[in-house]
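Structural overview
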Amino acid sequence: MISVGIDISKGKSTVCFMKPYGEMLHKPFEVQHTESDLKHLVNQIKTLTEETRVVMESTGAYHFPVLAYLKEHGIFASVINPLVMSKYVNVSIRKGKTDKLDAIKIANFGLDHWYHLVDYSPTADVYDELKTLNRQYLNYISMRIQVKQTLTNLLDRTMPGIKTLLWNRSDVPDRDKLCDFVKEYWHFDNITRRSEAEFINDYNDWAKSKRYRASTEKAKKIYALALDGIPTLSSNTPSTKMLVEEAVKVLHMIDTTLASILAQMRELAKSLKEYEVVMAMPGVGEILGPRIIAEIGDVRRFHSHGALIAYAGLDAPPFQSGNFTATKRSISKRGSASLRKTGYEIMRYIKISKPSEDDAVYQYMLKKENEGKPKKVAKIAALNKFLRIYYARVKEVYAAA
């Protein structure tokens, strides 16, 4: 048997061919992540007469070009969790780190765990695309939070308190009442230089043109707020208007991108057999449904619901030593943080909506709260139950197919 250890870097990798007892077929060498170099590596592997397995560490997106090329040519390739590999390579007393040493250690790992190596099985293209879309969605959500904070800070200095009167209650990017209002007025001085009657007429005309509900009462409250407010950025400074308008523009662009990503995710998710089953579960709506499918992926790759729980990092490993057995244990969090985050959002919506049908998860959450558990702990316990139900229902869909 021959273990091929590959230490992945950005754009290049270091490769070590190793047989049992530390016999190296070649000195560790570098390959670029190009068609020519990877083709040469595949040819080297295929010329070997003994059973050969390639081992590499999961390194974000860097290992995908090598992994995809190897699987395309039918080569056994095992992707190892970085934590597992880290614990393996750090047992030596004398520590050293170079790409060549890492490739040797990875090759040794392959030999030591030969019969436990699992050949990588790429998930369906739909699941991969969904996961990529969801990760970009989360990135844009982070950007949106920053931009919204920037806009809030600016409004606190140009129109303090305006957010208490104008709320955005729509997920449609073109229906953001606060942003539309800010684009029109952007500073309290633009309101107070009018009389109250003039502003009320202007506000109602603006609301009708933007297809919002006209309200004289609302206009009076805004005018009173403007009269009583103390802006700390001058409306005479040219940069004030520019900064407010640019913040609104960037926020609108991000919201438009988020809506486009979600629309694409919905279309992809609808092509999967589990879509209808997942969408029927309490707490799962048009936004969270495609996202939870994207983060879990194909449930058929999990041998049990326990494996899915572990993948989410919700498992609480046992701890026992001598006569002591721990009874209060925390979740491992050694799993997908994005899946936990999405699942926790679902639990929040379940708690808010209080479903009366198919309410096993909701009732379990209430049970944990009644036992004196903190609300966060109760939600995590309910998420554990939710994933078990998810696993059983989706597996049933594919079993019946």
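Please refer to the structure placed before this passage.
Everything numeric in this text was worked out from a predicted model, so none of it was measured. (Residues numbered from 1 in each chain as written. Predicted model: local features only at pLDDT ≥ 70, side-chain atom pairs only at ≥ 80, totals over all residues. Heavy atoms only, no water.)

**Some points on the packing of helix H5 (residues 125–158) against helix H10 (residues 238–270)**
Applied cut-off: A fitted line through C-alpha atoms represents every axis, and for helices the fit uses only the stretch in contact; the resulting angles, taken between N-to-C directions, go from 0 to 180 degrees. Where helices and strands are cited, they refer to DSSP runs of H or I of at least four residues and of E of at least two residues respectively, numbered from the N terminus. Orientation labels follow simple angle bins: below 35 degrees gives roughly parallel, above 145 gives roughly antiparallel, 65 to 115 gives roughly perpendicular, and whatever is left gives oblique. For any helix crossing, the convention is left-handed if the near helix is rotated counterclockwise from the far helix by under a right angle, and right-handed if that rotation is clockwise. Amino acid classes used here: Ala, Val, Leu, Ile, Met, Phe, Trp, Tyr, Cys and Pro are nonpolar; Asp, Glu, Lys and Arg are charged; the rest, including Gly, are polar.
Look at H5 against H10: their axes get within 9 Å of each other, and the N-to-C directions meet at 160°. As judged from the angle between their axes, H5 and H10 are roughly antiparallel. Once H5 is placed against H10, the crossing between them reads as left-handed. Classifying every residue of the contact of H5 with H10 gives 23 nonpolar, six polar and three charged.

**Focus on the pattern of salt bridges**
Note the cut-off: For this analysis, a salt bridge means a side-chain nitrogen from Lys or Arg found within 4 Å of a carboxyl oxygen belonging to Asp or Glu. Throughout this description, buried means an accessible area under 20% of the type-specific maximum (1.4 Å probe, protein chains only), exposed means over 50%, and partly exposed covers the range between.
Per the stated rule, a full pass over the model turns up 17 salt bridges. Ionic pairing is found between Asp 119 and Lys 71, a salt bridge with its closest N-O pair at 2.7 Å. Of this pair, Asp 119 sits in the loop between helix H4 (99–112) and H5 while Lys 71 sits in helix H2 (residues 64–72); the two residues are 48 residues apart in sequence, bridging distant segments of the chain. Accessibility expressed as a relative area gives 33% for Asp 119, which makes it partly exposed. For Lys 71, a relative accessible area of 21% translates into the label partly exposed.

**Considering the environment of Val 361**
Selection criterion: Contacts are residue-level and defined by heavy atoms, with any inter-residue pair within 4.5 Å sufficient.
Looking at the element boundaries, Val 361 is found in helix H15 (residues 360–370). Separated by 22 residues in sequence, Val 361 and Leu 383 place their C-alpha atoms 7.7 Å apart. Non-local contacts of Val 361, meaning those with residues more than four positions away in its chain, are made with Met 347, Ile 350, Ala 382, Lys 385, Phe 386 and Ile 389.

**Details of the packing of helix H12 (residues 288–296) against helix H14 (residues 337–353)**
Remark: H12 packs on H14, axes separated minimally by 9 Å, with the N-to-C direction vectors making an angle of 150°. As far as their axial angle goes, H14 and H12 are roughly antiparallel. Crossing handedness for the pair H12 and H14: left-handed. Here Leu 288, Arg 291, Ile 292, Glu 295 and Ile 296 of H12 lie close against H14, whose contacting residues are Ser 338, Leu 339, Thr 342, Gly 343, Glu 345, Ile 346 and Tyr 349. Of the residues assigned to the contact of H12 with H14, the class counts are six nonpolar, three polar and three charged.

**Here's the deal with the pairing of strand S5 (residues 52–57)**
Threshold: Two strands are said to pair when DSSP picks up at least two bridges between them.
With five of six residues buried, S5 lies mostly within the body of the structure. Relative to S5, strand S1 (residues 2–8) runs parallel, the two sharing five bridges. Looking across to S5, one finds that Gly 5 is bridged to Val 55. The sheet contact formed by S5 and strand S6 (residues 77–80) spans four bridges and is parallel.

**Section: the environment of Thr 216**
Assignment of secondary structure puts Thr 216 in helix H9 (residues 216–228). In the structure, Thr 216 is positioned 23 residues away from Ser 239 in sequence and 32 Å away in space, judged by C-alpha atoms. The residues touching Thr 216, leaving out its near neighbours within four places in the chain, are Ile 200 and Asn 204.

**Overview of the environment of His 33**
Selection criterion: In protein, a polar contact requires one atom able to donate a hydrogen and another able to accept it; more generally it is a pair of N or O atoms within 3.5 Å, and residues adjacent in sequence count only if both atoms are side-chain atoms.
Residue placement: His 33 occurs in the loop between strand S4 (29–32) and helix H1 (35–46). Taking the C-alpha atoms as reference, His 33 lies 16 Å from Gly 5; in sequence the two are 28 residues apart. Ignoring anything within four residues of it in the chain, the contact list for His 33 reads Ile 8, Ser 9, Gly 11, Lys 12, Ser 13, Leu 38, Tyr 62 and Val 66. From its side chain, His 33 meets the backbone oxygen of Lys 12 in a polar contact 3.3 Å long.

**Regarding unusual backbone geometry**
Positive phi outside glycine occurs at Trp 186, with the angle close to 55°. Judged by its relative accessible area of 11%, Trp 186 is buried. In the Ramachandran plot, Lys 354 falls in the positive-phi region, its phi being about 50° despite a non-glycine side chain. Along the chain, Lys 354 falls in the loop between H14 and H15.

**Here we look at the side chain of Thr 152**
Tracing the backbone shows Thr 152 in helix H5. A polar contact of 2.8 Å, which involves the side chain of Thr 152, links it to the backbone oxygen of Lys 148.

**Here we look at the packing of aromatic side chains**
Going by this rule: Side-chain rings of Phe, Tyr and Trp, where Trp is taken by its six-membered ring, are said to pair if the distance between their centres is within 6.5 Å; with planes under 30 degrees apart they count as stacked, over 60 as edge-to-face, and otherwise as tilted.
Here the structure, examined in full by the defined rule, presents 12 aromatic pairs. Taking the centre distance of 6.1 Å and the plane angle of 40° together, the rings of Phe 199 and Tyr 203 count as tilted. One end of the pair, Phe 199, and the other, Tyr 203, are both in helix H8 (residues 196–209), four residues apart, so they sit about a helical turn from each other. As far as burial versus exposure is concerned, Phe 199 and Tyr 203 are alike and both buried.

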